[in-house]
Every structure is written in C-alpha cells, then in structure tokens.
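Here is how the chains run, residue by residue.
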Amino acid sequence: MKYKNIIFDFDGTLADTAELTVETMHRTNLFMNLPDKSDAECKARIGYRLEEIPSILWPDVPDLSERYAAIFREIYKSAKEDFKVQRYPGVSDTMACLKRNGIRMAVASSRSKVSLMELCTELDVVDYFQMIVGGGDVRNGKPAPDPVNLILATQMWDKTETLVVGDMNVDIFMGQAAGTATCGVTYGNGSAAKLRDAGADYLISDFSELQGILG
C-alpha cells in the first residue's frame with residue numbers, strides 16, 4: 001500500500017460546518033460594526049485561522065486580529081445551538097475500514113484545539129486519530145507546512161507514505177510544502193477548479209473514494 005498515513009483537514013472534509021461558520025462570521029461582523037461580506041466571501045475564508053481572517057477581509061482596518069478571534073469564539077458558543085454539525089456521508093464507515101486496514105490517521109485543522117476536540121468527540125470520530133492538531137498548536141497555520149510537519153515529526157511518519165486530504169487550496173499547499181501527496185475533496189467548501197489549480201494529486205467527490213486511492 002502506497003500510503004500508510006492520512007492527515008485530514010476537518011471543516012469541509014470530515015464535517016459540514018459551513019452554515020454554522022458563515023453565520024457566526026456574519027454575527028461577528030455585525031457585532032464589531034465591520035462591513036459584512038457575502039456568504040461566498042465568508043465561506044472562502046474557512047480553513048484559515050481566525051486571527052488571519054480580518055487582514056484578508058478588511059486589510060485597511062488595523063489591530064483586529066485577536067479581538068475578532070475572541071469575539072467570534074464567544075458568538076460561536078450561542079450560534080452552534082442553532083445549527084447541527086454532521087459528518088459527511090461515508091466518513092464513519094470509511095474511517096472504520098481504513099483503521100481495520102492499518103491506516104494511521106490524524107487531523108490538521110485551523111480550528112481551535114478546544115473546539116476541534118469537542119466536535120470530534122460529538123461526531124464520534126475522535127478515537128480514529130493518533131494526533132489532532134489545532135490552529136493554536138503551531139507557529140504558522142495553513143498554507144504553511146507546520147501542522148503537517150508537527151504530526152510527521154511527533155508520530156515519526158514518513159512524508160512519502162503520507163496523504164494530506166482537504167477541501168481547500170490551503171490544505172493542498174500545506175501538504176505540498178511538507179512533501180506529502182495531496183487529495184482534494186470536491187464536496188466541501190472549495191471548488192474542484194481551485195483544488196486542481198493548486199496541484200492536488202487526487203480529487204474525490206465522495207469520502208468513500210479514499211479507499212480506491214489507498215488500494
């Protein structure tokens with residue numbers, strides 16, 4: 001088997017969090033009196049650390065980073081009561097099959113570690129992972145290779161035997177920078193065109209197709 005290890009993105013790859021995340025962004029923008037953005041503009045920022053979003057959406061407004069992230073996290077606590085986060089189809093069965101076949105798995109996400117652990121536990125996938133890396137666990141977030149490099153070093157995984165799977169071009173860039181193979185999922189928040197342009201080694205439209213890549 002070519003790949004022995006898989007490092008997954010979380011939002012848009014394992015779980016559908018888009019509606020919750022976009023709504024939380026809108027509420028945060030309103031609370032902070034920031035010019036609101038379209039659903040598409042907000043969705044395109046999923047995959048980045050919260051602290052990095054303001055400089056992308058409002059580059060002319062200084063000193064937003066930490067305050068934006070803090071307010072977002074507070075608003076998220078109430079917003080999540082209005083939306084049910086679910087695993088994408090095929091995630092549970094496929095991951096169970098991969099585990100039976102000896103595939104080692106981890107998560108590299110821009111989401112905070114606390115929120116990430118909470119969701120992985122709620123969705124009953126936490127036990128599949130040998131390591132879970134959140135946005136605050138590394139110096140540089142996606143598209144930098146830091147999250148993947150941390151997992152590779154800690155778990156002593158060979159990068160040539162590792163596949164990074166994600167729905168956004170930043171996931172593909174992260175894997176490439178770390179020297180791993182990459183797989184883009186087209187059912188999440190990113191488009192097939194952007195994933196293809198980013199240079200993903202594989203593209204899948206259903207999570208269960210991972211089994212075909214792994215043989």
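A few points on the structure. (Residues numbered from 1 in each chain as written. Predicted model: local features only at pLDDT ≥ 70, side-chain atom pairs only at ≥ 80, totals over all residues. Heavy atoms only, no water.)

Attention now moves to the side chain of T13. Considering the arrangement of structural elements, one finds T13 in the loop between β1 (5-8) and β2 (15-16). Judged by relative accessible area, which is 0%, T13 ranks as buried. Here D9 takes part through its side chain, which lies 2.9 Å from a polar atom of the side chain of T13. Within polar-contact distance, the side chain of T13 engages the backbone nitrogen of D167 at 3.2 Å. (Helix = DSSP H or I, 4+ residues; strand = E, 2+ residues; numbered from the N terminus. Buried < 20%, exposed > 50% of the residue type's maximum accessible area, 1.4 Å probe, protein only. Polar contact = N/O pair within 3.5 Å; in protein donor to acceptor, adjacent residues only side chain to side chain.)

Taking strand neighbours across the sheet as the criterion, the 6 strands line up as β5-β4-β1-β6-β7-β8 in an open arrangement whose pairing is parallel. This sheet does not close on itself; its edge strands, each paired only once, are β5 (129-133) and β8 (202-204). Each neighbouring strand pair of the sheet contributes to a mean axis angle of 20 degrees, computed without reference to strand direction. In this structure, β1 lies alongside strand β4 (residues 104-108), joined through 4 bridges in parallel fashion. Along β4, the bridge assignment pairs I6 with M105. The strands that helix α7 (residues 146-155) touches are β1, β4, β5 and β6 (162-166); relative to β5, the one it contacts most, it runs at about 145 degrees. (Pairing = 2+ DSSP bridges. Axes fitted to C-alpha atoms, helices over the stretch in contact; angles between N-to-C directions. Contact = heavy atoms within 4.5 Å.)

We now examine the nonpolar core. In terms of nonpolar packing, the biggest core is built from 51 residues, with F8, F10, L14, M95, M105, F129 and L210 touching the most fellow members. At 7 residues, helix α4 (residues 65-79) tops the list of elements feeding residues into this core. Counting 13 residues, the second largest nonpolar core, distinct from the first, contains I7, M131, V164 and A178. (Core = buried A, V, L, I, M, F, W, Y, C linked by side-chain atoms within 4.5 Å.)

Here helix α8 (residues 169-178) has its buried residues at V170, D171, I172, M174, G175 and A178. Along its buried surface, α8 packs onto β4, α7, β6, β7 (181-185) and α9 (192-198).

Per the counting criterion, the structure on display carries 11 salt bridges. Between D11 and R111 there is a salt bridge, with its nearest N and O atoms 2.5 Å apart. Taken as a pair, D11 in the loop between β1 and β2 and R111 in the loop between β4 and α6 (113-122) lie far apart in primary sequence, 100 residues in all. Here D11 falls in the buried class, since its relative accessible area comes to 9%. Between K77 and E74 there is a salt bridge; the shortest N-O distance is 3.0 Å. Of this pair, K77 and E74 both sit in helix α4, 3 residues apart, which is roughly one turn of that helix. Through salt bridges with shared partners, a single network forms among D9, K142 and D171. (Salt bridge = Lys/Arg side-chain N within 4 Å of Asp/Glu carboxyl O.)

Right, let's talk about the pairing of β4 for a bit. In terms of residue burial, β4 counts as a mostly covered element, since 4 of its 5 residues are buried. Direction of pairing for β4 relative to β5: parallel, over a ladder of 4 bridges. The residue bridging A106 from the neighbouring strand is M131, located in β5. In this fold, the crossover linking β4 to β5 by way of α6 has right-handed handedness. (Right-handed = clockwise from strand over helix to strand, strands pointing away.)

Another point: the packing of aromatic side chains. Overall, the coordinates contain 6 aromatic pairs when judged by the stated rule. Pairing W58 with Y68 gives two aromatic rings, centres 5.7 Å apart and planes at 50 degrees, and the pair type is tilted. Here W58 is found in the loop between α3 (53-57) and α4, whereas its partner Y68 is found in helix α4, with 10 residues between them in sequence. For the pair W58 and Y68, one class covers both residues: buried. (Phe/Tyr/Trp six-rings, centres within 6.5 Å; stacked < 30°, edge-to-face > 60°.)

Right, let's talk about the environment of G136 for a bit. With respect to the element layout, G136 can be found in the loop between β5 and α7. Assessed through its relative accessible area of 71%, G136 is described here as exposed. Separated by 65 residues in the primary sequence, G136 and I71 have C-alpha atoms spaced 16 Å apart.

The space that makes up the largest pocket amounts to roughly 420 Å³. In terms of lining residues, the largest pocket is bounded by 27 residues, among which L50, F72, R111, S112 and S115 are the most central. Counting only elements with at least two residues in the lining of the largest pocket, the list comes to α1 (18-31), α4 and α6. A per-element tally of the lining of the largest pocket places α4 first, with 4 residues. Along the lines of polarity and charge, the residues of the lining of the largest pocket split into 10 nonpolar, 6 polar and 11 charged. (1 Å grid on protein atoms, 1.4 Å probe; cavity = no way out; pocket = protein on both sides within 12 Å on 5 of 7 lines; lining within 4 Å. Points joined across faces, edges and corners; volume = space filled by probe spheres on them. Nonpolar A, V, L, I, M, F, W, Y, C, P; charged D, E, K, R; others polar.)

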